[in-house]
Amino acid sequence: MSDDSAPRPRVSVAMITYQHERFIAHAIESVLMQDAGFPYELVIGDDASTDRTRDVVEDYRRRHPDRIRLLTADANQGVARNFVKTLRECRGPYVALLEGDDYWTAPDKMRRQAEFLDAHPEHAACFHPVKIRADGEAGTRHVQRVRPPPGGFGLEHLLRANFMHTCSVMSRNGLIPAWPEPFLDLKMLDWPYHILNALRGTVGFLPDAMAVYRLHAASAWSAGRLRDRIAETRRMLELVNAHLGGRHERVIRRSLAECDCQEAIQHGREGHRRAARPLAASCLRAYRAGNGPPLSALLAMGAVMAWPALYRLVLAKKPLWR
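On a predicted model such as this, the values are computed, not experimentally measured, just so you know.

A. Geometry of the overall build of the protein chain. A count of helical and extended segments in the protein chain gives 11 helices and 11 strands. By the burial criterion, 49% of the 322 residues in the protein chain qualify as buried. Summed over all atoms, the accessible surface of the protein chain reaches about 15800 Å², with 52% contributed by carbon and sulfur.

B. Examining the packing of helix H6 (residues 190-198) against helix H7 (residues 226-243) more closely. At a minimum axis distance of 11 Å, the contact between H6 and H7 shows a crossing angle of 25°. Put simply, H6 runs roughly parallel to H7. Note that H6 runs across H7; the crossing there is right-handed. Here H6 contributes Trp191, Pro192, Ile195 and Leu196 to the contact with H7, which in turn contributes Thr233, Met236, Leu237, Val240 and His243.

C. Summary view of the side chain of Asp190. Note that Asp190 resides in helix H6. Non-local contacts of Asp190, meaning those with residues more than four positions away in its chain, are made with Asn162 and Thr166.

D. Quick peek at a nonpolar patch on the surface. Where nonpolar side chains cluster on the molecular surface, the patch consists of Tyr287, Leu295 and Leu299 and spans about 300 Å² of accessible area. Topologically, Leu295 is positioned in helix H10 (residues 295-306). Assessed through its relative accessible area of 45%, Leu295 is described here as partly exposed.

E. The arrangement of the pattern of salt bridges in detail. For the structure on display, the rule yields 20 salt bridges. Between Arg81 and Glu181 there is a salt bridge, with its nearest N and O atoms 3.6 Å apart. Of this pair, Arg81 sits in helix H3 (residues 79-88) while Glu181 sits in the loop between strand E9 (170-172) and H6; the two residues are 100 residues apart in sequence, bridging distant segments of the chain. Under the relative-accessibility criterion, Glu181 is labelled partly exposed at 49%. Residues Arg234 and Asp260 are paired through a salt bridge, measuring 2.8 Å at the closest nitrogen-oxygen approach.

F. Fine view of the pairing of strand E6 (residues 123-127). The buried count for E6 comes to five of five residues, which makes it a mostly enclosed element. In the sheet, E6 pairs with strand E10 (residues 202-205) via four bridges, with the strands oriented parallel. Counted as the bridge partner of Cys126 is Gly204 from E10. In the sheet, E6 pairs with E9 via two bridges, with the strands oriented antiparallel. Among the inter-strand pairings, Cys126 is bridged to a residue of E9, identified as Met170.

G. Seen up close, the environment of Pro7. Considering the arrangement of structural elements, one finds Pro7 in the segment before strand E1 (11-17). Taking the C-alpha atoms as reference points, Pro7 and Phe38, separated by 31 residues in sequence, lie 9.4 Å from one another.

H. Quick peek at empty space enclosed by the protein. Applying the stated criterion across every chain yields a total of two cavities of 30 Å³ or more. Size it by volume and the largest cavity reaches roughly 40 Å³. Forming the walls of the largest cavity are Ala14, Met15, Ile16, Phe83, Leu97, Leu98, Glu99 and Thr166. Split into classes, the residues belonging to the lining of the largest cavity amount to six nonpolar, one polar and one charged.

I. Seen up close, helix H1 (residues 24-32). Considered for burial, the residues of H1 that qualify are Ile24, Ala27, Ile28, Ser30, Val31 and Leu32. Where H1 is buried, its residues meet E1, strand E2 (40-46), helix H2 (53-63), strand E3 (68-71) and strand E5 (103-104).

J. Here's a closer look at the pairing of E2. The element E2 is extensively covered by neighbouring structure, given that seven of its seven residues are classed as buried. The side-chain alternation of E2 yields two buried faces, one formed by Tyr40, Leu42, Ile44 and Asp46 and the other by Glu41, Val43 and Gly45. Alignment of E1 against E2, held across seven bridges, turns out to be parallel. By the bridge assignment, Val11 is partnered in E2 with Tyr40. Remark: the E1/H1/E2 crossover connection has right-handed handedness. In this region the chain leaves E2, passes through H2 and returns to the parallel neighbour E3; the handedness of that crossover is right-handed.

Basis of the calculations
- Residues numbered from 1 in each chain as written.
- Predicted model: local features only at pLDDT ≥ 70, side-chain atom pairs only at ≥ 80, totals over all residues.
- Heavy atoms only, no water.
- Helix = DSSP H or I, 4+ residues; strand = E, 2+ residues; numbered from the N terminus.
- Buried < 20%, exposed > 50% of the residue type's maximum accessible area, 1.4 Å probe, protein only.
- Areas by Shrake-Rupley, 256 points an atom, 1.4 Å probe, with all protein chains shown as cover.
- Axes fitted to C-alpha atoms, helices over the stretch in contact; angles between N-to-C directions.
- Parallel < 35°, antiparallel > 145°, perpendicular 65-115°, else oblique.
- Left-handed = near helix turned anticlockwise from the far one by under 90°.
- Contact = heavy atoms within 4.5 Å.
- Patch = residues over 30% accessible without salt bridge, like charges linked within 9 Å, V, L, I, M, F, W, Y side chains within 5 Å.
- Salt bridge = Lys/Arg side-chain N within 4 Å of Asp/Glu carboxyl O.
- Pairing = 2+ DSSP bridges.
- 1 Å grid on protein atoms, 1.4 Å probe; cavity = no way out; pocket = protein on both sides within 12 Å on 5 of 7 lines; lining within 4 Å.
- Points joined across faces, edges and corners; volume = space filled by probe spheres on them.
- Nonpolar A, V, L, I, M, F, W, Y, C, P; charged D, E, K, R; others polar.
- Right-handed = clockwise from strand over helix to strand, strands pointing away.

Okay, structure coming up:
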């Protein structure tokens, strides 16, 4: 239990976790190492893990009862419901996000983002680039590249793409008074969370990479089949479009056309040109109407569909060129 006499946290770290036994200690340590200069709390929502994730968290909670709170579940609720439940328990005016398999690398990350939001009241949230690390590799692969527009990112930028890695985001608390019920059954909620926050302000950017996003076989999102991720993205965009009353349908339809393009490319990679053709035709119609994927994506789609064997040959040799 938390101490009611303790000072109110300025930042709450919302950490959701499930089956993260191998990673959760690193994630927690990266929060505890923060040289913030103000009170903060770590709220961990464990979604009924069946490995030792909860045991690891309990050990840290016993050692840091003034800083760590653990939320448990009797049965698995799913990513979205666990995320919302954890957010609702956050008491600070700012909320930083960190999933249990990622980690922060800069001890001043929390302080810098809080000071940035203090100085920019027009921003609902802020984020920074992250480093990408694949499981089993000693170092990081690359640093995410971001080109912010003047004045920060707006709602329409976020309707086009989710360019904010969860482990990089800090937002103002309480900008979403009530979660749309259909969103709670999604397999992802970070992207809708960013979109809903962007209804209340712009999104600022700090240029330094201060966190690592892990790629691993047990990842709830990145390890899933590409076609399943595309289908879930489509479903999310349709729900967002309905929630916004169609006011941004032009942008959302363009994002949906890009989903069609991605799926057509995947079918082409697998040599399933018959399945790719109706998706490709839909992309071309959207492009001619000025509401389709970029020309570069259409060219890639055409190349993969026209020469799938050549594509597979190039893909097979790709490791030799790294």
